[in-house]
Amino acid sequence: MANAMADAIGRNARRLSPAFVPAAAAIGAATLALSTWWLAADALRGRPAIAAEVGMVRGELWLRDGWSQLQASPEAAEAAFTRALRLSPMDAGAWFGLASATGRFDWLNPTASKALKMSYYTGFNRSDLIAPRLILLAQVDTARDVELVDLLQRQIRLILTRAPELKDAIGQAYRVAGDANRRIIEAEFKDANQSIPE
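Time to look at the overall build of the chain. For the chain, the count of helices and strands is eleven helices and zero strands. For the chain, the sequential pattern of α-helices and β-strands runs α-α-α-α-α-α-α-α-α-α-α. Scored against the burial criterion, the 198 residues of the chain give a buried share of 39%. Taking the intrachain contacts of the chain between residues at least 6 apart in sequence as the baseline, contacts between residues at least 24 apart amount to 46%.

This next bit is on the nonpolar core. In summary, soluble globular proteins display a tendency toward joint burial of nonpolar side chains. With 47 residues, the main nonpolar core has Phe-81, Leu-116, Leu-134, Leu-137, Ile-156, Ile-170 and Ile-185 as its most contacted residues. Setting aside residues up to four positions removed in sequence, Ile-156 forms contacts with Leu-134, Ile-170, Ile-185, Glu-188 and Phe-189.

All right, on to the packing of aromatic side chains then. A full pass over the atoms with the stated rule returns four aromatic pairs. Look at Trp-67 and Phe-96: their rings are 5.7 Å apart centre to centre, the planes differ by 40°, and that puts the pair in the tilted class. With Trp-67 in helix 4 (residues 59-69) and Phe-96 in helix 6 (residues 92-102), this residue pair connects regions lying 29 residues apart in the sequence. Since its relative accessible area comes to 35%, Trp-67 is described here as partly exposed.

On the surface, a cluster of nonpolar side chains totalling about 480 Å² of accessible area is made up of Trp-38, Leu-39, Met-56, Val-57 and Leu-87. Inspection of the secondary structure puts Leu-39 in helix 2 (residues 20-43). Judged by relative accessible area, which is 56%, Leu-39 ranks as exposed.

Turning to the pattern of salt bridges, a few remarks are in order. Tallied over the entire structure, the rule returns nine salt bridges. Taking the shortest distance from any N to any O, the salt bridge between Arg-144 and Asp-141 comes out at 3.8 Å. By relative accessible area, which is 63% here, Arg-144 ends up exposed. For Asp-141, a relative accessible area of 38% corresponds to the partly exposed category. With its nearest N and O atoms 3.8 Å apart, the salt bridge here joins Asp-150 to Arg-154. With Asp-150 and Arg-154 both in helix 9 (residues 146-162) and four residues apart, the pair spans about one turn of that helix. Residue Arg-154 is classed as partly exposed on the basis of its relative accessible area, which comes to 34%. One salt-bridge network, held together by shared partners, links Asp-42, Arg-58 and Glu-60.

If you trace the backbone, Arg-58 turns up in the loop between helix 3 (48-54) and helix 4. Classification of Arg-58 by relative accessible area gives buried; the value is 4%. Within polar-contact distance, the side chain of Arg-58 engages the backbone oxygen of Trp-38 at 3.1 Å. Beyond its immediate sequence surroundings of up to four residues, Arg-58 is in contact with Trp-38, Ala-41, Asp-42, Arg-45 and Leu-87.

Criteria and thresholds
Residues numbered from 1 in each chain as written. Predicted model: local features only at pLDDT ≥ 70, side-chain atom pairs only at ≥ 80, totals over all residues. Heavy atoms only, no water. Helix = DSSP H or I, 4+ residues; strand = E, 2+ residues; numbered from the N terminus. Buried < 20%, exposed > 50% of the residue type's maximum accessible area, 1.4 Å probe, protein only. Contact = heavy atoms within 4.5 Å. Core = buried A, V, L, I, M, F, W, Y, C linked by side-chain atoms within 4.5 Å. Phe/Tyr/Trp six-rings, centres within 6.5 Å; stacked < 30°, edge-to-face > 60°. Patch = residues over 30% accessible without salt bridge, like charges linked within 9 Å, V, L, I, M, F, W, Y side chains within 5 Å. Areas by Shrake-Rupley, 256 points an atom, 1.4 Å probe, with all protein chains shown as cover. Salt bridge = Lys/Arg side-chain N within 4 Å of Asp/Glu carboxyl O. Polar contact = N/O pair within 3.5 Å; in protein donor to acceptor, adjacent residues only side chain to side chain.

Any link to function would need more than the numbers given here.
Below you can see the structure in the form of structure tokens.
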């Protein structure tokens, strides 16, 4: 049986194209090079800017770079978040990052409010974003934008009905909210017959 198998392999090996071995070697080398490149970017995660440059086609690395630069340089963070969104346009975290970077000083900036809306549209129920996004939304002047009012109301209802463990985030949002948003939050709590957490 072993001899028959060896004979079959020998016959098939002779029928292979002469270009097969070099092509297989080239494909193997390319796979090895891509794997090394991918792992090199992972190894540099402690240095987000370098990791993002090395792993230039990986949106999550640009997202991490944006968050690492947000406090020191909102402009650099905005560029990193924008690059992350080009690579991964359905990433709600990247949209939230862009809203954070562009809306820090001017919520009349249309990029900031559009980015915040996109963060909700692409990941409304993302539990890791609910609290920080609600706090950011509470600071926005929603009086000029009906969509933002609707998003604020829906987010509060979601927390009150399905995620009561996040009620403290509503309390934080209430403390930083403007008058119009405080009224919206108060109305949602009144409708739910609950009190706003301190």
